[in-house]
Amino acid sequence: MSEFPTIEAYVGQTPLVRLQRIGPDNGSTVLVKLEGNNPAGR
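Residues numbered from 1 in each chain as written. Predicted model: local features only at pLDDT ≥ 70, side-chain atom pairs only at ≥ 80, totals over all residues. Heavy atoms only, no water.

> So what's going on with the overall build of the protein? Which residues, and what values?
Summing up its helical and strand segments, the protein has 1 helix and 2 strands in all. Starting at the N terminus and ending at the C terminus, the protein contains elements arranged as α-β-β. Buried positions account for 7% of the 42 residues belonging to the protein. For the protein, the accessible surface area stands at approximately 3,900 Å², while carbon and sulfur atoms represent 51% of it. (Helix = DSSP H or I, 4+ residues; strand = E, 2+ residues; numbered from the N terminus. Buried < 20%, exposed > 50% of the residue type's maximum accessible area, 1.4 Å probe, protein only. Areas by Shrake-Rupley, 256 points an atom, 1.4 Å probe, with all protein chains shown as cover.)

See the structure below:
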């Protein structure tokens, strides 16, 4: 079993935002970290 089983475990408490209007046309999902809500980097 992996120490980090999901993408949420890798990013910690930083919120993830799914980009709906920007991204590839191949059906992939693009997630970005919303670091403005986490200025201390924790």
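Having put the structure on the table, let's press on.
> Give a description of the environment of Pro15 that names residues and reports values.
By secondary structure assignment, the location of Pro15 is in the loop between α1 (7-11) and β1 (16-19). On the accessibility criterion, Pro15 (30% relative accessible area) is partly exposed. Here the alpha-carbon distance between Pro15 and Leu34, two residues 19 residues apart in the chain, equals 5.4 Å.

> With reference to specific residues and values, describe a nonpolar patch on the surface.
A cluster of nonpolar side chains, contributed by Val17, Leu19, Ile22, Val32 and Leu34, occupies part of the molecular surface with about 370 Å² of accessible area. Looking at where Ile22 falls in the secondary structure, it is placed in the loop between β1 and β2 (30-33). For Ile22, a relative accessible area of 63% corresponds to the exposed category. (Patch = residues over 30% accessible without salt bridge, like charges linked within 9 Å, V, L, I, M, F, W, Y side chains within 5 Å. Salt bridge = Lys/Arg side-chain N within 4 Å of Asp/Glu carboxyl O.)

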